[in-house]
Amino acid sequence: MSVIEKVRPPRAPAAARETRVTDEHGRRIRVWELALRYTLLLIVLALTVGPFLWQLSTSLKGPTEDIFSSPPTFLPGHPTLHNYARVADTIPVWDYALNSLKVAGANVVTNCVGSALAGYALARLRYRGRGVATLVFVLAMLVPVEGIVIAQFTTMRELGLNNTLIGVVLPGSIGAMNVLLMRNAFRNLPYEIEEAAFVDGASAWQRFLRIALPSVKGTLAVVAIFAFMGAWDDFLWPLIVLSDPSRFTLTIGLNYLHGTFAGDERLVAAGTVIAVAPLIALFACLQRYFFRGVGEGAVKG
Amino acid sequence: MADLTARSRVRRQLPTSPWLFAAPGLLVTGAFVLYPFLSTLHNSLTDRRTLIPGRFVGLANFRELLHDDMFWTGLRNSSLYVLGVVPALVVLPLLLALLVQKNIPGITFFRSAFYTPVVASIVVVGLIWVWLLDERGLVNSLLETLGIGRVGFLSDQWLLLLSAMAVTVWKGLGYYMIIYLAALANVPRELHEAAAVDGAGPVRRFLNVTVPAVRSTMVLVAALSSVAAFKVFSEVYLMAGPSGGPAGEDTTLVMLVQRTGTGLTGRLGYASALSVVVFAVTVVLMLLVLCADRRDGT
């Protein structure tokens, strides 16, 4: 997907012609069309990324700057990290971030391991009841989380796990959607390689670990990214299950910050930047795999 | 290799049941999805509260719903949300996908950048927009600079709901854009060329070639976005506050579930009945979209 692959250098000497921009079929794109496309792209860019930049700008503005000025000033006059220190003084934002990280990390591990195992069992192993097992995951995928949170809450209470991070992780720890994604990935592998291993006497466990799993890394990466983002972003469930402020995750902590210090926008802005920066960084690093994985597997279902 | 064979001899003697592979997944799904689902159905027929076990009351909760003004407000808002959000989320991401489809220099950057709102937490997004739409916020500063004057996006009941819808659309654009991108990649190029030879301009080609080719994806997007829109919680909760804006007029159904079902005085039975309504409506929405698809298709 890199830019270099797509822009073919002109065959004629550069001096003779302008650099030609061609589409994926090698056809030339006219200049006016290109200009129109870039104009539209920049407008959408301003609309999608602008709000984040405005938030960043607000978080960097010092106490003496007018953040409500009209017309608005986009660049902070005297950029300062003071607000970030103040957030940490007001709420234990780094503890909350650590809690979110724990929850998201656990969610990645359980989802990758659990859905790979179950997906393999659904796709590659033969046993009575396989159809029923598949049906369980399909049905579970159809149940809307919003409709069962109250019952999940009482289930957690019966298990004594309310107000714990384990309680936050458990309901989404092995997503039915992820199991079915992994099942599809395993099904698309050719049988021959595994058959050879089977003849050589490899157990199901060995075939899974050494042959099948390394071949579905792409889908596994998508599951990992979705699991991380899902857990890091989740709001409704932690809001219901956590009541002790010392155990809040970042999303709940931010909502609390907003509720308590609604007037202090610089503070809230700094908090949101802390919450969103790691995700944007993570996504920027992984976007290549992400777009490829989503394009190939997830949408076709 | 010698190591592998030696170990495999040991391993082969252990019975590796396929069920062991599926067990963790089945256990989690059973305990935290299917069991809660069944217990929601069961609880909806009881008067269970947070600290009181509750007894069977039949359909009393559902009868009470019919006379509960808050329920109708929630149902109205959640339904309006579907009507407002779904058309925008079916059309706009498709246009966006067409815009980023062509591989011009730097397009990878734009694709990733347009996806940023999807990546950001809903809480972050909510708080950013609360700040932007505040009485003294950026949008109002710009409006004032343009001479239009300030607008109470977050204080008026309907403007608030509309603003929340706009935020939902804003956050969803990138997500559905990716789905459309995958669909557009499968549209045969020959169709476009044939249409172009027949003298069809870009708009005609879009309507007569692109739209029919991605129709099934549009249905998928309609189904996904309508179900998600009906279950809206976070956007409205963050922008209107836990109590649902002025006089609770912006409460959605899921907000009502959260409010009635939690806390020491939580009415679990009643909240479960509300949940059953949420579940039933999402099923109906799915069926409606799928039926509409079938009727158009034949």
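For the structure given in this document, a descriptive report is provided here. (Residues numbered from 1 in each chain as written. Chains lettered and ligands numbered in written order. Predicted model: local features only at pLDDT ≥ 70, side-chain atom pairs only at ≥ 80, totals over all residues. Heavy atoms only, no water.)

1. Let's talk about the overall build of chain B
For chain B, the count of helices and strands is 14 helices and zero strands. Along chain B, helices (α) and strands (β) appear in the sequence α-α-α-α-α-α-α-α-α-α-α-α-α-α when read from the amino end. Taking 19 Å as the expected radius of gyration for a compact globule of 298 residues, we find that chain B reaches 25 Å, considerably beyond that expectation. In terms of principal-axis extent, the alpha carbons of chain B reach across some 80 × 70 × 45 Å. Counting every position in chain B, which comprises 298 residues, the buried fraction comes to 53%. Contacts spanning at least 24 positions in sequence make up 66% of the contacts within chain B whose residues lie at least 6 apart. When the accessible surface of chain B is summed, it comes to about 13400 Å², and 68% of that surface belongs to carbon and sulfur atoms. Side chains of chain B carry 23 positive and 17 negative charges; the gap between the two charge centres is 12 Å. (Helix = DSSP H or I, 4+ residues; strand = E, 2+ residues; numbered from the N terminus. Rg over C-alpha atoms; globule rule 2.2 N^0.38 Å. Buried < 20%, exposed > 50% of the residue type's maximum accessible area, 1.4 Å probe, protein only. Contact = heavy atoms within 4.5 Å. Areas by Shrake-Rupley, 256 points an atom, 1.4 Å probe, with all protein chains shown as cover. Lys, Arg positive; Asp, Glu negative; His and termini not counted. Charge placed at Lys NZ, Arg CZ, Asp CG, Glu CD.)

2. Considering the overall build of chain A
Along chain A, the regular secondary structure elements total 14 helices and zero strands. Here chain A holds 301 residues, and the buried ones make up 52% of them. For chain A, restricting intrachain contacts to residue pairs at least 6 apart in sequence, the fraction spanning at least 24 positions comes to 67%. About 14500 Å² of surface is accessible on chain A, with carbon and sulfur atoms providing 65% of the total.

3. Focus on helix α3 (residues 82–90) of chain A
Among the residues of α3(A), A:Asn83, A:Tyr84 and A:Val87 are the ones counted as buried. Taken down its axis, α3(A) places every buried residue within 105 degrees of arc, on the same side. (Arc of directions from axis to C-beta.)

4. Quick word on the packing of helix α6 (residues 122–133) of chain B against helix α7 (residues 138–145) of chain B
Residue and element names in this part refer to chain B. Here α6 crosses α7 at 30 degrees, and the two axes come no closer than 4 Å. Between α6 and α7, the interaxial angle falls into the category roughly parallel. Here Trp131, Leu132 and Leu133 of α6 come into contact with α7, specifically with Leu138, Val139 and Asn140. For the contact of α6 with α7, the class distribution of residues is five nonpolar, one polar and no charged. (Axes fitted to C-alpha atoms, helices over the stretch in contact; angles between N-to-C directions. Parallel < 35°, antiparallel > 145°, perpendicular 65-115°, else oblique. Nonpolar A, V, L, I, M, F, W, Y, C, P; charged D, E, K, R; others polar.)

5. What to know about the packing of aromatic side chains
Taken as a whole and judged by the stated rule, the model has 23 aromatic pairs over all chains. Taken together, a centroid distance of 5.0 Å and an interplanar angle of 55 degrees make the contact between A:Tyr120 and A:Phe208 tilted. Note that A:Tyr120 is positioned in helix α4 (residues 93–124) and A:Phe208 in helix α10 (residues 204–215), a separation of 88 residues in sequence. Under the relative-accessibility criterion, A:Phe208 is labelled buried at 3%. Where B:Phe110 meets B:Phe114, the ring centres are 6.0 Å apart and the plane angle is 55 degrees; that geometry is what we call tilted. A residue pair is termed a helical-turn pair when its members lie 3 or 4 positions apart in one helix, as B:Phe110 and B:Phe114 do in helix α5 (residues 107–119) at four residues. By the burial criterion, B:Phe110 is buried, and B:Phe114 matches it. Here the aromatic residues A:Tyr120, A:Phe186, A:Trp205, A:Phe208 and B:Phe21 are joined through ring pairs into a cluster of three or more. Taking the ring centre of A:Tyr191 as reference, the NZ or CZ of A:Arg124 above it sits at 4.0 Å. Sitting over the face of the ring of B:Tyr270, B:Arg267 holds its NZ or CZ atom 4.4 Å from the ring centroid. (Phe/Tyr/Trp six-rings, centres within 6.5 Å; stacked < 30°, edge-to-face > 60°. Lys NZ or Arg CZ within 6 Å of the ring centre and 35° of its normal.)

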